[in-house]
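# Coordinate inspection notes
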Amino acid sequence: MNPDTFDYPLPKHLIAQKPLGRRDSSRLLVVDRKSGSWQDKYFSEIIDTIPAGDVLVLNNTKVFPARILGKKKETGGKVDILLLTPTADKPSVWRCLVQPSVKEGQKVLLGKQAAEAAFLTRDKDGVWLVEFPETLDMHRFYEEEGTMPLPPYVKREADDSDKKTYQTVYAEREGAVAAPTAGLHFTEELLDRLRQKGVEVLMVTLHVGYGTFKPVEDLENHQMHSESFELSAETAEKINSAKAAGKKIWAVGTTSARVLETCVRKKQLVAGQGETNLYIRPPFRFEIVDCLITNFHLPKTTLLLLVSAFMGESLVRKAYEHAVTAEYRFYSYGDAMLIV
């Protein structure tokens, strides 16, 4: 295999630039792995597909307004910073992506408050370490000055509406710089109806990092980015009990799937938290996930590789060809696929 195996042609007009007016009005391509067939539905119809007693696993990470604009202190040139995570040893120093290029020691003034920050050096991954004043309340600062970090294929500036729409309705634990987009289709009403039906709705956490959009150039030696995750003992126990009872586990998104498959030991989930760099690609064997709800992903990315491992490369190609022909909406604000 080579990365071109996971490439496909996509007309640009199919890349969704904005969300639909109602989350669950998006389309849903339901793919049956055993028969190799599919059906065109709407996301709201998913309630008819998930049986009572099965488990739906959601990622409750919360995207924070990580993108902050500023200018270089000496020249006034524009600077675009994407906050990633604070360093463990010094909370005032953050790992950041920066455009355009800057130099070590250079200072910038960020946001309307003109908060001063300095570029220290790059870390082992080539990511800038940026020092902010220790007296600056960073949470308050990015909430006031930041905008949502929309993906690069969304060719517009983020506005206030994105703070709501580029966020799941159950987002709770802040730390992601990209949304777990499969979850964007759920409304509170739809989740309530699923619970009333008898579907067990559980939460895991995986803070989606910037590397989620990174293309794969070498399938064998690709270095998967690490992301923080947590699986509680209660959730692990409930999923183990459901599996033992013959119930199916429905993962909402590749992020939820990666948490579950990271924490499996001898076909049992073990609670845990930390960093995962689990790289899922064919011929990976899933131990916990039985069904997968996911959006349509960029070519040559680890997201598409994971989906290919779950449903098979040939079926992925056929399903994506159908989605393009039927003019599904692609990527973060696009439509969804359910793989059973």
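A brief report on the enclosed structure follows.

Reading the values: rules and limits
- Residues numbered from 1 in each chain as written.
- Predicted model: local features only at pLDDT ≥ 70, side-chain atom pairs only at ≥ 80, totals over all residues.
- Heavy atoms only, no water.
- Helix = DSSP H or I, 4+ residues; strand = E, 2+ residues; numbered from the N terminus.
- Contact = heavy atoms within 4.5 Å.
- Phe/Tyr/Trp six-rings, centres within 6.5 Å; stacked < 30°, edge-to-face > 60°.
- Buried < 20%, exposed > 50% of the residue type's maximum accessible area, 1.4 Å probe, protein only.
- Lys NZ or Arg CZ within 6 Å of the ring centre and 35° of its normal.
- Pairing = 2+ DSSP bridges.
- Axes fitted to C-alpha atoms, helices over the stretch in contact; angles between N-to-C directions.

### Some thoughts on the environment of Lys 41
With respect to the helices and strands, the residue Lys 41 is situated in strand β2 (residues 37-42). Put simply, Lys 41 and Leu 184 are 143 residues apart on the chain and 17 Å apart in space, counted from C-alpha to C-alpha. In this structure, Lys 41 is in contact with Arg 27, Leu 28, Val 30, Thr 49 and Tyr 328, ignoring residues within four places of it in sequence.

### Overview of the packing of aromatic side chains
A complete count under the given rule lists 17 aromatic pairs for this structure. A centroid spacing of 5.0 Å and a plane angle of 70° characterise the contact between Tyr 8 and Tyr 320, whose relative ring orientation is edge-to-face. Of this pair, Tyr 8 sits in the segment before β1 (27-32) while Tyr 320 sits in helix α7 (residues 313-325); the two residues are 312 residues apart in sequence, bridging distant segments of the chain. As far as burial versus exposure is concerned, Tyr 8 and Tyr 320 are alike and both buried. Ring geometry for Phe 296 and Tyr 328: centres 5.6 Å apart, planes at 65°, overall edge-to-face. On the criterion of sequence distance, the pair formed by Phe 296 in the loop between β18 (291-295) and α6 (302-311) and Tyr 328 in the loop between α7 and β19 (336-339) is long-range, its members being 32 residues apart. Note on Phe 296: relative accessible area 1%, which makes it buried. Since its relative accessible area comes to 0%, Tyr 328 is described here as buried. Through a chain of ring-to-ring contacts, the aromatic side chains of Tyr 8, Tyr 153, Phe 296, Tyr 320, Tyr 328, Phe 330 and Tyr 331 assemble into a single cluster. The side chain of Arg 27 reaches across the aromatic face of Tyr 328, ending 3.9 Å from its centre. We note Arg 33 situated over the ring of Phe 310; from NZ or CZ to the ring centre the distance is 3.9 Å.

### Brief notes about the sheet that holds strand β6 (residues 78-86)
Pairing within the closed barrel is antiparallel, and its six strands lie in the order β5-β6-β7-β10-β9-β8. Geometrically, the sheet is characterised by an average inter-axis angle of 45° between neighbouring strands, direction not taken into account. Relative to strand β7 (residues 93-99), β6 is paired through six bridges, and the arrangement is antiparallel. Counterpart to Leu 82 in the pairing with β7 is Leu 97.

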